[in-house]
Amino acid sequence: MIRFNPQTVKKLRRFREIKRGYYSFVILVLLLTASLLGELLVNNRALIVSYQGTLFFPTYSAFHPGTDFGLDYSYETNYQNLQTVFERDARGDWLLMPIVPYNPLENDASEEVFRPTPPSIADQHYLGTDTTSRDILARLFYGTRIALFFSLAFMAAVYLIGIATGCAMGYFGGAFDLVFQRLIEIWSNIPFLYMVIIVFSVIPATFSVPTRIAILLIVMVLFSWTSMTYYMRTETYKEKARDYTAAARIIGASDFRIIFRHILPNVIATLVTFMPFTIVSAITAITSLDFLGFGLPPPTPSLGELLKQGTATLRTAPWIVTSAFGTLVILLTLVTFIGEAVREAFDPKKFTIYQ
Amino acid sequence: MRPIAIFLPVMCTVLLITACGGESDQESAPTGVDAAPDNTQEVLDYYASKPDFFSFKTVADLPDDLVWQDGMELAEIGSPKAKKGGTQYARLQDFPRTLRLVGPDSNGSFRPWILDDTTMQMGHRHPNEFVFYPGLASSWAVSKERKTVYVKLDPAARWSDGVPIKADDYLFLFFFFQSTYIVAPWYNNWYGTQYTNITKYDDHTISISVPEVKPDIDSRVLGLSPVPQHFYKELGDDYVERYQWKYVPTSGPYIVKQEDIRKGRSITLTRNDDWWAKDKKFWRYRYNTDKIHLSVIRDTPKVFESFKRGDIDQFGLNLAEYWYEKLPNEDADVQNGYIHKTVFYNQRPRPTYGLWINTSKPHLDNVDIRVGINYATNWQLVIDKFFRGDYVRMKTGADGFGEFTHPTLEARPFDIGKALEHFSNAGFTERGPNGILINEAGQTLSFTLSTGYEALKDVLTILKEEAAKAGLEYRIEVLDSTASWKKAQEKKHDIQLSAFSVFLEMYPRYWEHSHSDNAFDKAFLEDGSVNPERKLKTQTNNLETIAIRELDEMINRYRASDSKEAMLDLSHRMAELLYNHASFIPGYVQPFYRVGSWRWVRYPDNFNLKHSRSAGQYFVHWIDTEIKEKTLAARDSGQTFPPQINVFDQYRSD
């Protein structure tokens, strides 16, 4: 494990003191945790079903055909209907639905036709429905979850490659540095968005949705890791010339050990300040790709897809665009606040003693 | 700063020099060494090399027993009330990539404006009566053995550049479409195989023959349009580039002037004041607006906004979303009478919206699976809830051909029980953890459902949700329209949501979609057994890769038949066979079209014509400039008119 040096610990403490950023961070972590348990909050499967004295927990289990609960069909039980059946029969069976009893793919045809309906607490469509009567809150929730975890994975991958390459370049220097820099210059001149669009348009749909999301992630990472290397390279160059590095080398530490035990903890400050902004750009990128129709395959819930629907129905269903836009604004503001706070906390000027 | 200061004058001088050079080049070109090529001799040589195809005779050689028809007894098209003048503003989805009428990129959304809807053929099907009225021909006669049509051309006919249209332009038509210069294989094939002879008797008399006797031979011949020989003098290997932005002279009412082409932005058609047919019966009350201004607006919601502002005159309201939500009857512009809403029930073969199953794919080659998929696909829900019950379920792939359409067949309804039964016949008996069926080998019942119609994406998600109830998984793939079309043409799809537009014809075509010639290279061996080494044939419209020997044989008889009764019988039997084959899941048909139009767009009293495809197809509308001024003024002053929401159901058939 990387042991933080006292200065970094000091910086983290300072971050806690910047309230706006800190609370944003707390809220975001809570959101992330909540979204991990999303199936318990937003789902069309009941949390608990008590049927003829037996308790069922359908949320994470395999699907229950209607016949399990005495209904006459072999496909997945419609728990909302089941609830009405239970209430009508009044045999002491009961079930408990999540707060938002809809799944993001379900066309809730309670009205005669599929069309956007305005927010309604009675129908439990708290943010209304979209053009094919799917619950917007459910789609937003799962769309945001995908976007958040996508961007976290994106950040992790980009930093892994960026740090490794950047450190290696800075540490080894010389011809290795020179050649890699040129390669990166060429690579980074390939327009990112076009490449994603081109590559993603040729991926066959026979792959499952998670595979396709993974491929999208890989493609995006491939064309985004380069910018990180510049910072890591210069930082490593700087740290390499310090006495402690020379000392470590004299003791006989390996290159690997020097980079990861000594240099990396000292340059972590630079990295951390960039992280929130990488996440912001990843969320923006995936949303705009979805908006353009090149992102996540339908019917995956996504912010971009909702935004697109919303702009097409500005006059008739303003709640679609409002919800999607609002979510995006809140999400990006939270992350940006964190970013600002991190930047301030890690600002070296606060701790410099040069007069 | 200094280097730039010096650099600028130098650049200017260089520019000046090149500009001068350019000018002088242009002036000297016509007399220069590389004068424009002239293919007159090449064309004559071509005619001479195919004496059987291109014949030259005299009027005395015409058979005596011909019965000439001219269609003049048919009703006028359009309204005598129509006023000429005004400008129609409309939208283009994409700027045309070329002004050529054939060859690469020519088959785009601009084509109807300069070809399909605005050029004249020898004769046209009357959009109310289905028989022919004269265009470039003044009369015609079908030979006794029904393989040749004799045509007298109207001597008054002129190209838009003033050159008379003569028999030579019809001979040249075959040279043009048979030549490889145009890079259009379909044309090469069609004009090389579907016609056997053209004979010139004099400048205004020709005859054209087809290889097989058909009940609708007149449409094969009268539907031809001449090609201006004088314009294509420079036709050669560089056709595609040379003619890329050259406007082809037309026999029709609208021309495109070079200065009206604003690349990437707009294109304007201008009515030809000297159009030769402007006072002819069937033509005089149509093509009324002086100009048609087409601007490129890619995004449909944006087009609608332009329409609401009055920048665009009309907007198609076929989608329920637009008819009911975005421009509801309660809309202020509708209630104030500024915008009129119209539903018009028409009669014609409809585009074949449905699911095309590729039977060459694993599992999909099993008829039980296909029947199961038919039962597991809930089109009725899509129609009821998404299209709000406005559309009707398609019955077969050959609907709308009158008695040629099978009288009793109907598409299979959504029926989970039957679907499960058929799936279990095919070995898919158990449901997996997510409710999708699996077979003993552990394979899941899952297929890719692709489409190129972005607007129908929601339809696919509805079908997916419903199919899951029957244990079938659809993996949805929405591609760009070109990519999707290419995928289907290369037979790489599993199941494709697609539609072919169908021509206004007497009887359906089966060869294109269902003959083994279009499914495999050499599908069967001599003895009739399946060729084990057969390869999929790409770039054909047999999207189901149907190869059934019995059907092949019926199609061949159908194509060769000259008896309407025999063809009727065959058509019905083929429809039954295809029904049992279950590789096409009929979707929906739209028995009408709907349009919203500003008050100044006027239509005849009965709105439009029985067989019309859209409100604008036959150009019977006109723009009343006075009403336009008044309406715009009224909109500013708040004056209102009675609302107009009209349903024209005189041709409603169901």
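This is a predicted model, so every value here is computed, not measured.

Asker: Can you tell me about the overall build of chain B, naming the residues and giving the values?
Answerer: Helices and strands together make up the secondary structure of chain B, namely 19 helices and 28 strands. Since a compact globule built from 654 residues should have a radius of gyration of about 26 Å, the 28 Å found for chain B is in line with a globular shape. C-alpha extents for chain B along the principal axes are approximately 80 × 70 × 70 Å. By residue count, 55% of the 654 residues in chain B fall in the buried class. In chain B, the share of contacts with a sequence separation of at least 24, taken over all contacts with a separation of at least 6, comes to 73%.

Asker: Mind laying out the overall build of chain A, listing which residues take part and the relevant values?
Answerer: In terms of regular secondary structure, chain A is built from 13 helices and three strands. For chain A, the spread of C-alpha atoms along the principal axes amounts to about 80 × 40 × 35 Å. Here chain A, with 355 residues, has 49% of them falling under the buried criterion. Counting only contacts in chain A whose residues sit at least 6 apart along the sequence, the fraction spanning at least 24 positions is 65%. Entry remark: accessible area of chain A is about 17,700 Å², with carbon and sulfur atoms responsible for 66%. Considering chain A, the positive charge centre built from 29 side chains and the negative charge centre built from 26 side chains are found 15 Å apart.

Asker: Could you give an account of the domain arrangement of chain A, with specific residues and numbers?
Answerer: Here the domain parsing of chain A yields domain 1 (6-37 + 137-350) and domain 2 (44-97). Look at where the C-alpha atoms of domain 1 of chain A and domain 2 of chain A centre, and you get two points 42 Å apart.

Asker: Could you give an account of the interface of chain A and chain B, with specific residues and numbers?
Answerer: The interface is formed by 31 residues belonging to chain A together with 32 residues belonging to chain B. Buried surface at the junction of chain A and chain B, summed over both partners, amounts to about 2,600 Å²; 57% is from carbon and sulfur atoms. Put simply, chain A and chain B have three salt bridges between them. The residue E325 of chain B makes a salt bridge to R115 of chain A at a minimum N-O spacing of 3.2 Å. Our enumeration of links across chain A and chain B arrives at six residue pairs in polar contact (both at pLDDT 80 or more). In terms of residue count, the dominant contributor to the side of chain A that touches chain B is helix α12 (residues 303-312) of chain A (three residues).

Asker: Before we move on, could you go through the nonpolar core and cite the residues and values that matter?
Answerer: Membership of the largest hydrophobic core comes to 168 residues, with the highest contact counts inside it found for M122 and I373 of chain B. Excluding its chain neighbours within four sequence positions, the residues that come into contact with M122 of chain B are P134, G135, L136, A137, V151, L153, Y170, I206, I208, V221, L222 and L224 of chain B. If you look at the next biggest cluster of nonpolar residues, it comprises 67 residues, including M155, L217, I283 and I320 of chain A.

Asker: Describe the sheet that holds strand β14 (residues 354-357) of chain B, listing the residues and the values that go with them.
Answerer: Residue and element names in this part refer to chain B. Strand order in the open sheet formed by five strands is β19-β18-β20-β14-β23, with mixed pairing between adjacent strands. Only two strands of the sheet have a single neighbouring strand rather than two, namely β19 (473-478) and β23 (584-586). Strand-to-strand, the axes of this sheet are offset by a mean angle of 25°, without reference to chain direction. As paired elements, strand β18 (residues 446-451) and β19 share six bridges and run parallel to each other. Looking across to β19, one finds that S446 is bridged to E473. Helix α11 (residues 367-376) contacts β14, β18, β19, β20 (495-498) and β23 of the sheet and is inclined by roughly 15° relative to β23. Along the sheet, helix α14 (residues 457-469) contacts β14, β18, β19 and β20; its crossing angle with β19, the most-contacted strand, is approximately 170°.

Asker: Tell me what's going on with the pattern of salt bridges, and back it up with residues and numbers.
Answerer: Taken as a whole and assessed by the stated rule, the structure comprises 47 salt bridges over all chains. Across the salt bridge formed by R182 of chain A and E185 of chain A, the nearest N and O atoms sit 3.0 Å from each other. You can see R182 of chain A and its partner E185 of chain A sitting in helix α6 (residues 174-188), three residues apart, about one turn around the helix. We note a salt bridge from K308 of chain B to D333 of chain B, for which the minimum N-O separation is 3.2 Å. Taken together, the residues span a long stretch of sequence, with K308 of chain B in helix α8 (residues 300-309) and D333 of chain B in helix α10 (residues 332-335) at a distance of 25 residues. For K308 of chain B, a relative accessible area of 10% puts it in the buried group. Taken together, the shared-partner salt bridges connect D130, R134, R139 and E305 of chain A together with K457 of chain B into one network.

Asker: Residue-level account of the side chain of S450 of chain B, with values.
Answerer: By the element assignment, S450 of chain B lies in strand β18. With residues up to four places along the chain from it excluded, the contact list for S450 of chain B reads E477, K487, H493, I495, Q496 and L497 of chain B.

Asker: Describe the pairing of strand β5 (residues 137-142) of chain B, and please don't skip the residues or the numbers.
Answerer: Residues and elements named next belong to chain B. Of all the six residues making up β5, five are buried; the element is thus mostly covered by neighbouring parts of the structure. Summarising the sheet, β5 and strand β6 (residues 148-153) pair through five bridges and their orientation is antiparallel. Looking across to β6, one finds that A137 is bridged to L153. Count of turn residues in the β5/β6 antiparallel hairpin: five residues, of which R146 carries a positive phi of about 60°.

Asker: How would you sum up the pairing of β14 of chain B? Please name residues and give values.
Answerer: All names here are of chain B. Bridging between β14 and β20 involves four bridges; their strand directions are antiparallel. Residue W356 lies in a different strand from β20, and its bridge partner there is Q496. Two elements, β14 and β23, share three bridges in a ladder whose sense is antiparallel. Each residue of the ladder has a partner; that of L355, found in β23, is I585.

Asker: Describe the domain arrangement of chain B, and please don't skip the residues or the numbers.
Answerer: Residues and elements named next belong to chain B. In terms of domains, chain B is made up of domain 1 (40-78 + 118-247), domain 2 (317-346 + 591-648) and domain 3 (354-589). Between domain 1 and domain 3, the contact holds nine residues from the first and eleven residues from the second. Between domain 1 and domain 3 the total buried area reaches about 910 Å² when both faces are included, carbon and sulfur atoms providing 57% of it. Of all residues in domain 1, the largest losses of buried area upon contact with domain 3 belong to F130, K214 and P215, amounting jointly to 47% of the total for that side. At the boundary of domain 1 and domain 3, one finds zero salt bridges. Seen at the junction of domain 1 and domain 3, the total is zero residue pairs in polar contact (both at pLDDT 80 or more).

Asker: Just give me the short version of a nonpolar patch on the surface, but keep the residues and values in it.
Answerer: Taken together, Y23, F25, V26, V29 and L30 of chain A make up a surface patch of nonpolar side chains, about 450 Å² in accessible area. Tracing the chain through its elements places F25 of chain A in helix α2 (residues 19-36).

Asker: Let's hear about the environment of D70 of chain B: which residues, and what values?
Answerer: Residue and element names in this part refer to chain B. Positionally, D70 belongs in the loop between β1 (54-56) and β2 (87-92). For D70, a relative accessible area of 32% translates into the label partly exposed. Note: C-alpha distance between D70 and N39 (31 residues apart in sequence) is 35 Å. Contact partners of D70, with chain neighbours within four places excluded, come to P134, S138, S139 and W140.

Asker: Which residues make up the confidence of the model for chain B, and what values do they have?
Answerer: Residues and elements named next belong to chain B. Confidence in the prediction for chain B averages 88 pLDDT; 94% of positions are at 70 or higher. Looking at the elements of chain B, mean pLDDT is at its lowest for helix α1 (residues 2-28), recorded as 37, and at its highest for strand β27 (residues 622-623), recorded as 96. Low confidence marks residues 1-33, where pLDDT is under 50. Its contacts with residues over four positions away, or in another chain, come to one contact.

Definitions and limits used
Residues numbered from 1 in each chain as written. Chains lettered and ligands numbered in written order. Predicted model: local features only at pLDDT ≥ 70, side-chain atom pairs only at ≥ 80, totals over all residues. Heavy atoms only, no water. Helix = DSSP H or I, 4+ residues; strand = E, 2+ residues; numbered from the N terminus. Rg over C-alpha atoms; globule rule 2.2 N^0.38 Å. Buried < 20%, exposed > 50% of the residue type's maximum accessible area, 1.4 Å probe, protein only. Contact = heavy atoms within 4.5 Å. Areas by Shrake-Rupley, 256 points an atom, 1.4 Å probe, with all protein chains shown as cover. Lys, Arg positive; Asp, Glu negative; His and termini not counted. Charge placed at Lys NZ, Arg CZ, Asp CG, Glu CD. Domains from an automatic or database assignment. Buried area = accessible area lost by both parts, 1.4 Å probe. Salt bridge = Lys/Arg side-chain N within 4 Å of Asp/Glu carboxyl O. Polar contact = N/O pair within 3.5 Å; in protein donor to acceptor, adjacent residues only side chain to side chain. Core = buried A, V, L, I, M, F, W, Y, C linked by side-chain atoms within 4.5 Å. Pairing = 2+ DSSP bridges. Axes fitted to C-alpha atoms, helices over the stretch in contact; angles between N-to-C directions. Patch = residues over 30% accessible without salt bridge, like charges linked within 9 Å, V, L, I, M, F, W, Y side chains within 5 Å. pLDDT = per-residue confidence, 0-100.

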